[in-house]
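# Survey of secondary and tertiary structure
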Amino acid sequence: MRMLHTMLRVGNLERSLAFYTEVLGMRLLRKHDYPDGKFTLAFVGYQDEQDGAVLELTHNWGVDAYELGTAYGHIALEVVDAKKACEEIRARGGKVVREAGPMKHGTTVIAFVEDPDGYKIELIERKVDHA
């Protein structure tokens, strides 16, 4: 078995696609409308679906917002430099909700950004090993 994707329901598909592609640098991998079901699916990611997990953005036509609930946590992305990533995301119009710094009770440097629907994305700093 392997992880394929995580699905997020979004209120405005074009706004979400702009965030994930223009702000976070993912690629739109595929998009399809389902008129009979009144929804659209768009898949975004950093690599092709056969090479790794991606995000499925589901837009149910006529639904502008969702309650995120208390069970959802966040999506995590690996970055080389969390502070620089925050600066770049902010410069591209993204919302940083926790600046880069050590996580509570640990030393790993993390930051959090938020997508247009309020979903949190954690940036986890992983230094590149040049050994």
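Just so it is clear, the model here is predicted, and its values are computed rather than measured.

The rules behind the values
Residues numbered from 1 in each chain as written. Predicted model: local features only at pLDDT ≥ 70, side-chain atom pairs only at ≥ 80, totals over all residues. Heavy atoms only, no water. Helix = DSSP H or I, 4+ residues; strand = E, 2+ residues; numbered from the N terminus. Rg over C-alpha atoms; globule rule 2.2 N^0.38 Å. Contact = heavy atoms within 4.5 Å. Areas by Shrake-Rupley, 256 points an atom, 1.4 Å probe, with all protein chains shown as cover. Lys, Arg positive; Asp, Glu negative; His and termini not counted. Charge placed at Lys NZ, Arg CZ, Asp CG, Glu CD. Polar contact = N/O pair within 3.5 Å; in protein donor to acceptor, adjacent residues only side chain to side chain. Buried < 20%, exposed > 50% of the residue type's maximum accessible area, 1.4 Å probe, protein only. Pairing = 2+ DSSP bridges.

All right, on to the overall build of the protein chain then. Check the secondary structure of the protein chain and you find two helices and eight strands. Listing each helix as α and each strand as β along the protein chain from the N terminus yields β-α-β-β-β-β-α-β-β-β. At 16 Å, the protein chain has a C-alpha radius of gyration in line with the 14 Å of a compact globule built from 131 residues. Principal axes of the C-alpha set define a box for the protein chain whose edges measure 50 × 30 × 30 Å. Pairs at least 24 residues apart make up 48% of the contacts formed inside the protein chain by residues separated by at least 6 positions. Accessible surface, the protein chain as shown: approximately 8300 Å² in total, 52% of it carbon and sulfur. The average position of the 17 basic charges and that of the 21 acidic charges among the side chains of the protein chain differ by 3 Å.

Here we come to the environment of His 74. Relative to the assigned elements, His 74 resides in the loop between strand E4 (54-60) and strand E5 (75-79). Considering only alpha carbons, one finds His 74 and Glu 122, 48 residues apart in sequence, at a separation of 6.4 Å. A distance of 2.7 Å separates the side chain of His 74 from the side chain of Glu 122, its partner in a polar contact.

On to the pairing of strand E3 (residues 39-45). Taken across its seven residues, E3 has six buried, putting it largely inside the fold. Bridge count between strand E2 (residues 27-34) and E3: seven bridges; the pairing is antiparallel. Bridge pairing links Arg 30 to Phe 43 in E3. What sits between the antiparallel neighbours E2 and E3 is a turn of four residues, in which Lys 38 has the positive phi angle 60°. As judged from the six bridges shared by E3 and E4, these two strands associate in the antiparallel manner.

Once that is clear, we can look at helix H1 (residues 13-23). Along H1, the positions that sit buried rather than exposed are Leu 13, Ser 16, Leu 17, Phe 19, Tyr 20 and Val 23. The N-capping residue of H1, defined by a side-chain oxygen 3.2 Å from the backbone nitrogen of Glu 14, is Asn 12. After H1 finishes, the residue Gly 25 shows a positive phi value of roughly 80°.

What follows concerns unusual backbone geometry. Look at Lys 38: it is not a glycine, yet its phi comes out positive at around 60°. By the secondary structure assignment, Lys 38 is in the loop between E2 and E3. Using a relative accessible area of 53% as the deciding quantity, one classes Lys 38 as exposed. Positive phi values are uncommon outside glycine, yet His 105 reaches one of about 60°. When you line up the elements, His 105 lands in the loop between strand E6 (95-102) and strand E7 (109-114). Residue class for His 105 comes out exposed when judged on its relative accessible area of 87%.

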